[in-house]
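Chain and residue survey
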Amino acid sequence: MAHLSYRTAGESHGQALIALVEGIPAGVTLDVERINRELVRRQGGYGRGGRQEIESDRVNILSGIRKNVTIGSPIAVQITNQDWRIDDAPAIHRPRPGHADLAGSLKWLTTDCRAVLERASARETAARVAAGALARLLLDSFNIEVVGYVCRIGPVTATIDPSMSPTELATARDANEVYCPDATVVDDMVDVIRQAKQDGDTVGGWVEVQVHGLCPGVGSCSRWQDKLDGRLMQALGSIQAFKGVEIGGGFELGKLPGSRVHDEIDYDPSLRDTPCLGFTRRSNRAGGLEGGMSNGQPIIVRGVMKPISTLVRGLDSVDLVTRQSVRCDYERSDVCAVPAASVVAENVVAFEIARAFLEKFGGETLTEVRAAYEHYLKRARQLGG
Ligand code: EPS
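Worth saying up front: this structure is predicted, and the values here are computed from it rather than measured. (Residues numbered from 1 in each chain as written. Predicted model: local features only at pLDDT ≥ 70, side-chain atom pairs only at ≥ 80, totals over all residues. Heavy atoms only, no water.)

Next up on the list: the overall build of the protein. Within the protein one finds ten helices and 17 strands. Radius of gyration (C-alpha) of the protein: 22 Å, near the 21 Å computed for a compact globule of 385 residues. Taken along its principal axes, the extent of the C-alpha atoms in the protein is 75 × 50 × 40 Å. Classification of the 385 residues of the protein by burial places 52% in the buried group. Across the protein, the fraction of contacts at a sequence separation of at least 24, relative to all contacts at a separation of at least 6, is 72%. Of the roughly 17900 Å² that the protein leaves accessible, carbon and sulfur atoms contribute 52%. Taken together, the 45 basic and 49 acidic charged side chains of the protein have centroids lying 4 Å from each other. (Helix = DSSP H or I, 4+ residues; strand = E, 2+ residues; numbered from the N terminus. Rg over C-alpha atoms; globule rule 2.2 N^0.38 Å. Buried < 20%, exposed > 50% of the residue type's maximum accessible area, 1.4 Å probe, protein only. Contact = heavy atoms within 4.5 Å. Areas by Shrake-Rupley, 256 points an atom, 1.4 Å probe, with all protein chains shown as cover. Lys, Arg positive; Asp, Glu negative; His and termini not counted. Charge placed at Lys NZ, Arg CZ, Asp CG, Glu CD.)

Strand order in the open sheet formed by four strands is 1-2-6-3, with antiparallel pairing between adjacent strands. Only two strands of the sheet have a single partner each, and these edge strands are strand 1 (5-9) and strand 3 (60-61). In this structure, strand 3 lies alongside strand 6 (residues 75-80), joined through two bridges in antiparallel fashion. In the strand pairing of strand 6, asparagine 60 is matched with glutamine 78. Its contacts with the sheet place helix 5 (residues 125-140) against strand 1, strand 2 (16-22) and strand 6, and it is angled at close to 30 degrees to strand 2. (Pairing = 2+ DSSP bridges. Axes fitted to C-alpha atoms, helices over the stretch in contact; angles between N-to-C directions.)

Quick look at unusual backbone geometry now. Unusually for a residue other than glycine, lysine 67 sits at a positive phi of about 50 degrees. Structurally, lysine 67 is set in the loop between strand 4 (65-66) and strand 5 (69-70). For lysine 67, a relative accessible area of 70% translates into the label exposed. Even without being a glycine, arginine 323 presents a positive backbone phi close to 65 degrees. Mapped onto the fold, arginine 323 is located in the loop between strand 16 (316-318) and strand 17 (325-327). Arginine 323 gets classed as exposed once you look at its relative accessible area, which sits at 68%.

Our next topic: the pattern of salt bridges. Scanning the model with the defined rule gives 34 salt bridges in all. With a shortest N-O distance of 3.1 Å, arginine 41 and glutamate 38 are connected by a salt bridge. Of the two residues, arginine 41 and glutamate 38 both sit in helix 1 (residues 32-43), three residues apart, roughly one turn of that helix. Like glutamate 38, arginine 41 is buried. (Salt bridge = Lys/Arg side-chain N within 4 Å of Asp/Glu carboxyl O.)

Moving on: the site of the ligand. With respect to spatial proximity, the complete set of residues near the ligand consists of His13, Arg42, Arg48, Arg51, Gln52, His99, Ser121, Ala122, Arg123, Glu331, Arg332 and Asp334. Arginine 48 is positioned such that a nitrogen or oxygen atom in its side chain is 3.2 Å from an oxygen atom of the ligand. Protein contact buries 93% of the 470 Å² of open area that the ligand shows by itself. (Near = heavy atom within 4 Å. Polar contact = N/O pair within 3.5 Å; in protein donor to acceptor, adjacent residues only side chain to side chain.)

There is a patch of nonpolar side chains on the surface, built from Ile265, Tyr267 and Phe279 and spanning about 320 Å² of accessible area. Structurally, phenylalanine 279 can be placed in strand 12 (residues 279-281). Take phenylalanine 279: its relative accessible area is 42%, and that puts it in the partly exposed class. (Patch = residues over 30% accessible without salt bridge, like charges linked within 9 Å, V, L, I, M, F, W, Y side chains within 5 Å.)

Right, let's talk about helix 5 for a bit. The end-to-end C-alpha separation of helix 5 is 22 Å, in line with the 22 Å expected for 16 residues at 1.5 Å each. Burial within helix 5 is extensive, with 15 of its 16 residues counted as buried. (Expected span 1.5 Å × (residues − 1).)

Purely geometric stuff here, so don't read any function into it on its own.
Have a look at this one:
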């Protein structure tokens, strides 16, 4: 049985993007519209540039499905690029500070940054979203909910009400163009992006993802590779332009004594049938993860996206051919892609949760996964008599 994994292929202005997803058990009903909805959301958000008017991202599932149900074989997913012109796209000799241009050109021994930037482009995240949205169909059938949103744009920070359910968060988020559940800061966020555009500049921000409904014990403390916190950090940290990831209280926890950090434990038998199995916490600064495993509390992860490195006003650089100081090249780009990044974050987190979930409850078919899951829950609820 294949472990759940995916790879992507494709360039920004190549023919198509591809995600190859392996390890989805047989018996999962496909919901193409649900996957496409995530792709549409990823294309949106205030601050996007002209490219999204050209593209209309939709998945074409090429394999692994019979009569709209997974059959356990690899699932190849294609998203066509409308702006397919990689062979005609101009050479780039003046690397943009902050982009992959310089490091990649030096790596591949070329003075033309084009090939590097084509693959480094965040266009690749469409394939990651498709893979995550596919894996999420599995999570749906176990009532595991994943919601991602924007919690900061430039200097404007949202306040996220911890009592909001994933549905409430998603509804509030979907009501505005910056994908932020705190309606009171939306206008300020839009203003920051508008001002950056006027200035020929770009702006970054923070995104947050919550996972609700996950039982304890997913992930592992046994091997460093299996620690769910580490995997989530890689999943988020590998999103283009991300510069930091934190879990729960994150970096702030380093300022506090242990007595103000750790989430004290109570037991409430009336909650035995909920994901925490009755073991409640007075706080959730651990962000639902202890020892690299889920602990039954909501998982909370955040990532920071730096401002996009393609600025209309340009930045100082060096021409790779002449080695003279120049202004860097400008390519059509976004002013702010933090809303889009929140969709990417949500879906890459979903994929990692599904991956760890199947490691604990894996089986060839959805029926076997469900049996393993229910057996575990039964045993866990019986612990201690
Ligand atoms: C990107 C540059 C822009 C963005 C692109 C990421 O592409 P283009 O030069 O074609 O306008 O639009 O993001 C996407 C295409 C996307 O779908 O997210 C870059 O250099 O990373």
